[in-house]
Amino acid sequence: MEGVIDAVTRELLTRRAGFDWTVTEFVRVVDTRLPPRVFLRHCPELAGGDAPATPSGVPVHLQLLGSDPAALAANARQALRLGAASLDLNFGCPAKLVNRHDGGASMLRDPRRLHAAVSAVHAAVGDTLPVTAKIRLGFADRRLALACARAAEDGGARRLVVHGRTRNEGYRPPAHWEWIDRIRRHLTIPVVANGDIWTLEDYWKARTLSGCRDVMLGRGALADPGLAPRIRHWQATGECLPATPWAERARVLSDYAAAQRSALPGKIVVSLLKQWLNLMRGRDAEAARRFQALRRLTELDAFLGGLGAPRDARRAAPA
Ligand SMILES: Cc1cc2nc3c(=O)[nH]c(=O)nc-3n(C[C@H](O)[C@H](O)[C@H](O)COP(=O)(O)O)c2cc1C
């Protein structure tokens, strides 16, 4: 998730078992082949030499966003050279700036263009690198939902994530999981349901209504870092784990700060922590209380003190 989930977040969220794979923030492709440093910035896990993965071994898929088939193909080849093990194409981003330049969800207005983009990338990397795609249900309405999904499949996508809203629905609830089912029934590739999965109950409803075996977590994974492990535990045992305690949430936030503070100014780290805490507060009363109390603070150690995180998590990372 752009501006939200970087390599440090991926590392923290995958420490406990739960995720099968993760995706980078999108690499924006316009009309040129991007230099390796851009790919490495989005996906530092590429530097490890092996297939990119978090330290706990969860694969990291590289995501490209663009509309020009030739430029996407050139960057797909570049990603392959750099060691990417799979490529995801973003046709869901609703940002005005991105859409104005014909990227993300604006491709949902024309399934032929979506098909051209996927098949160019598929042709560029052959079968060495699985190509996957992510779509919404449409741009302004859902009329082309199935046509877009089919375009991705026919273009060579091996899996399709469907965010159950149109571009114009932004992030407003509800996500239409039953519409994902209408798409899934017509495709032969696996379809993954996405949108508004915040709890174990949401997971169950999304699976039931979409008919999908797998789901993708977005904001819910940040709002509750214990969500993916809770889902996994329930799958394995049928037991519902108790709600993630505040101490565990605070530990994740302070581990995040400890990892970021050697690279970023304290004030920036505080604003990133506020962004994360802001997502947590909608789902957790203690997070809401702490957010209210800390929202005017800009000094990192004071902020971490206010989180009440365990002491060892607050120390500065070595220079
Ligand atoms: C701030 C933000 C950034 C996002 N960036 C990306 C991105 O880079 N690539 C992507 O495929 N989806 C991105 N998304 C969309 C999410 O992956 C997800 O599809 C969407 O939020 C719906 O799922 P949710 O309701 O579980 O959050 C972003 C969403 C948000 C809120």
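What you see is a predicted model; the values in this text were computed from it and never measured.

All right, on to the domain arrangement of the protein chain then. One can read the domain layout of the protein chain as domain 1 (7–237) and domain 2 (246–314). On a C-alpha basis, the centres of domain 1 and domain 2 stand 28 Å from each other. Facing the 13 residues of domain 1 at the interface are eleven residues of domain 2. Interface area for domain 1 against domain 2, summed over the two sides, is near 1100 Å², with a carbon-plus-sulfur share of 68%. Area buried by domain 1 at its contact with domain 2 is led by Val-8, Leu-12 and Ala-223, which between them contribute 39% of it. In this structure, the connection of domain 1 to domain 2 is made through two salt bridges. For Asp-255, the salt bridge is made with Arg-15, and the minimal N-O distance between the two is 2.9 Å. One can count four residue pairs in polar contact (both at pLDDT 80 or more) joining domain 1 with domain 2. Listing elements by their share of the side of domain 1 that touches domain 2, those giving two or more residues are α1 (7–13) and α9 (219–223). Each residue belonging to the side of domain 1 that touches domain 2 can be placed in one class, and the counts come to seven nonpolar, two polar and four charged.

Looking at where Thr-32 falls in the secondary structure, it is placed in the loop between β1 (22–28) and α2 (36–42). Note on Thr-32: relative accessible area 45%, which makes it partly exposed. On a C-alpha basis, the gap between Thr-32 and Ala-151 in space is 24 Å, while along the polypeptide they are 119 residues apart. Not counting residues within four places of it along the chain, the set of residues in contact with Thr-32 comprises Ala-71 and Asn-75.

Surrounding the ligand, one finds 16 residues, the nearest of these being Glu-2, Gln-63, Asn-194, Asp-196 and Arg-219. With respect to the ligand, the backbone of Glu-2 contributes an N or O atom lying 2.7 Å from a nitrogen atom. A distance of 3.4 Å is found between an oxygen atom of the ligand and a backbone nitrogen or oxygen belonging to Phe-26. When isolated, the ligand has an accessible area of 610 Å², and the protein chains bury 85% of it. Contributions of two or more residues to the shell around the ligand are made by β1 and β5 (159–166). A per-class count over the shell around the ligand returns four nonpolar, six polar and six charged.

Attention shifts here to the side chain of Glu-153. The residue Glu-153 is located in helix α6 (residues 145–155) in this model. A polar contact of 2.7 Å, which involves the side chain of Glu-153, links it to the backbone nitrogen of Thr-188. Leaving out residues up to four positions away in the same chain, Glu-153 has contacts with Leu-187, Thr-188 and Ile-189.

A few words now on the pairing of strand β2 (residues 60–65). In terms of residue burial, β2 counts as a mostly covered element, since six of its six residues are buried. Examined bridge by bridge, β1 and β2 share five bridges and lie parallel to one another. In the strand pairing of β2, Val-23 is matched with His-61. Handedness of the crossover joining β1 and β2 through α2: right-handed. Examined bridge by bridge, β2 and strand β3 (residues 87–91) share three bridges and lie parallel to one another. Its bridge partner being in β3, Leu-62 is matched across the sheet by Leu-87.

Attention now moves to unusual backbone geometry. The omega torsion across Pro-173 and Pro-174 is 5°, close enough to zero to call that bond cis. Looking at the secondary structure, you find Pro-174 in the loop between β5 and α7 (177–184). Positioned with a positive phi, Asp-102 is a non-glycine residue whose angle comes to about 75°. Owing to a relative accessible area of 27%, Asp-102 belongs among the partly exposed residues under this scheme. Despite not being glycine, Asp-196 has its phi angle at roughly 60°, a positive value. On the secondary structure map, Asp-196 appears in the loop between β6 (191–194) and α8 (200–210). Overall, Asp-196 belongs to the buried group, its relative accessible area being 13%.

Moving on: the packing of aromatic side chains. Counted according to the given criterion, the structure contains three aromatic pairs. With a centroid separation of 5.3 Å and an interplanar angle of 80°, the aromatic rings of Tyr-256 and Trp-276 are classed as edge-to-face. Separated by 20 residues along the polypeptide, Tyr-256 in helix α11 (residues 246–260) and Trp-276 in helix α12 (residues 266–281) bring together distant segments of the chain. Grouping residues by exposure puts Tyr-256 and Trp-276 together as buried. A cation over an aromatic ring shows up here: Arg-159 above the ring of Trp-21, its NZ or CZ 3.7 Å from the ring centre. For Arg-182, the ring lying beneath its charged end belongs to Trp-179, and the centroid distance is 4.3 Å.

Thresholds, definitions, all that
Residues numbered from 1 in each chain as written. Predicted model: local features only at pLDDT ≥ 70, side-chain atom pairs only at ≥ 80, totals over all residues. Heavy atoms only, no water. Domains from an automatic or database assignment. Contact = heavy atoms within 4.5 Å. Buried area = accessible area lost by both parts, 1.4 Å probe. Salt bridge = Lys/Arg side-chain N within 4 Å of Asp/Glu carboxyl O. Polar contact = N/O pair within 3.5 Å; in protein donor to acceptor, adjacent residues only side chain to side chain. Helix = DSSP H or I, 4+ residues; strand = E, 2+ residues; numbered from the N terminus. Nonpolar A, V, L, I, M, F, W, Y, C, P; charged D, E, K, R; others polar. Buried < 20%, exposed > 50% of the residue type's maximum accessible area, 1.4 Å probe, protein only. Near = heavy atom within 4 Å. Areas by Shrake-Rupley, 256 points an atom, 1.4 Å probe, with all protein chains shown as cover. Pairing = 2+ DSSP bridges. Right-handed = clockwise from strand over helix to strand, strands pointing away. Phe/Tyr/Trp six-rings, centres within 6.5 Å; stacked < 30°, edge-to-face > 60°. Lys NZ or Arg CZ within 6 Å of the ring centre and 35° of its normal.

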